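Tertiary structure, described
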Amino acid sequence: MQHNKSFYVMIIAYCGRTGCTMVIIAATFAAGVYLADIAGFGNIMLVCMSGLLVTGVRLCLKQRAFIAMLAFCAFLTGAAAYKFMMLPEFYKSSAYIGSDVTVTGRICDVPHKTGDIMSYTVDVRDINGESIKENIYIYSDKSFDFGDTAEFTGKLKSVPRKMNESGFDSERYYLRRGISARLTAKDTHKSDTEISGTSIFFISNKIRNSIDKIIDKYYTQNASAAAKAVL
């Protein structure tokens, strides 16, 4: 009986250490993504390589330093993932910039209306028959709801660049949102293609879309716009 208790204690302790390690790795990965834009990737590389060198030496003396080494690697991976995401050429859609394309995707954010034009963030899964998974910002005169799947035809353009040194960096804004290109649709129709899959962003946008509909139902246009801006 005493032997069984000791075994269970060992299992619980092991699971606790593993869970703690996973939390550290996840936190340092997220920190790498966040700080890559603030500290600069070169500075992060210098800090991480120094940390890995020191940790590698300590690892020969103390096995717990292995967790610290994993944390540095996760931090560096997060920073590198963010930096690659900020490169327009990293996206497959860059090969179609300036060309007429037909894209198929799912509306994955709250639609916005400006006059008679709707703007959508679309989770695109197909460009001219090529399988792809990217977000593209699309303007259309056709109205769709959140979660609808549609086909849009038009000329694919890159996201707008920063106009001047001190101005708003629109390219970074779009890329940070995972939007790789934009398109003004000449032809649009609803698609029978089913696109499944969810993420924390899709779920949160779905909740926000539901709240938007409630706001539109009970508030006037000006009050509705103000409430949505706060949301």
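Attention here is on the structure that accompanies the text.

Here is what the cut-offs are and how they apply
- Residues numbered from 1 in each chain as written.
- Predicted model: local features only at pLDDT ≥ 70, side-chain atom pairs only at ≥ 80, totals over all residues.
- Heavy atoms only, no water.
- Helix = DSSP H or I, 4+ residues; strand = E, 2+ residues; numbered from the N terminus.
- Expected span 1.5 Å × (residues − 1).
- Buried < 20%, exposed > 50% of the residue type's maximum accessible area, 1.4 Å probe, protein only.
- Arc of directions from axis to C-beta.
- Salt bridge = Lys/Arg side-chain N within 4 Å of Asp/Glu carboxyl O.
- Contact = heavy atoms within 4.5 Å.

The first and last C-alpha atoms of helix α5 (residues 200-218) sit 28 Å apart over 19 residues, in line with the 27 Å expected at 1.5 Å per residue. Listing the buried residues of α5 in full gives F202, N205, N209, D212 and I215. Looking straight down α5, one finds that the buried residues subtend no more than 130 degrees of arc, so they occupy a single side. Exposed residues on α5 whose side chains face more than 90 degrees from its buried face are I200, K206, I207, K217 and Y218.

Going through the model one piece at a time under the given rule, you end up with six salt bridges. When the shortest N-O distance is used, the salt bridge between R106 and D123 registers 3.9 Å. Of this pair, R106 sits in strand β1 (residues 100-107) while D123 sits in strand β3 (residues 117-127); the two residues are 17 residues apart in sequence, bridging distant segments of the chain. In this structure R106 comes out as buried when scored by relative accessible area, which is 7%.

All right, on to unusual backbone geometry then. With a phi angle near 50 degrees, N128 is a residue other than glycine that sits in the positive phi range. Relative to the helices and strands, N128 is located in the loop between β3 and β4 (130-140).

Okay, the environment of V159 next. Turning to its location among the elements, V159 is positioned in the loop between β5 (149-158) and α4 (170-176). Remark: the alpha-carbon pair of V159 and L175, spanning 16 residues in sequence, is separated by 8.1 Å. When sequence neighbours within four positions are dropped, the list of residues in contact with V159 reads E171, Y174, I179, S180, A181 and R182.

Attention shifts here to the environment of S210. Topologically, S210 is positioned in helix α5. With relative accessibility at 38%, the residue S210 sits in the partly exposed group. Along the primary structure S210 and V110 are separated by 100 residues, whereas in three dimensions their C-alpha atoms are 9.1 Å apart.

A few words now on the side chain of N205. Mapping N205 onto the fold places it in helix α5. Here N205 falls in the buried class, since its relative accessible area comes to 14%. Aside from chain neighbours lying at most four places away, what touches N205 is C108, D109, V110 and F146.

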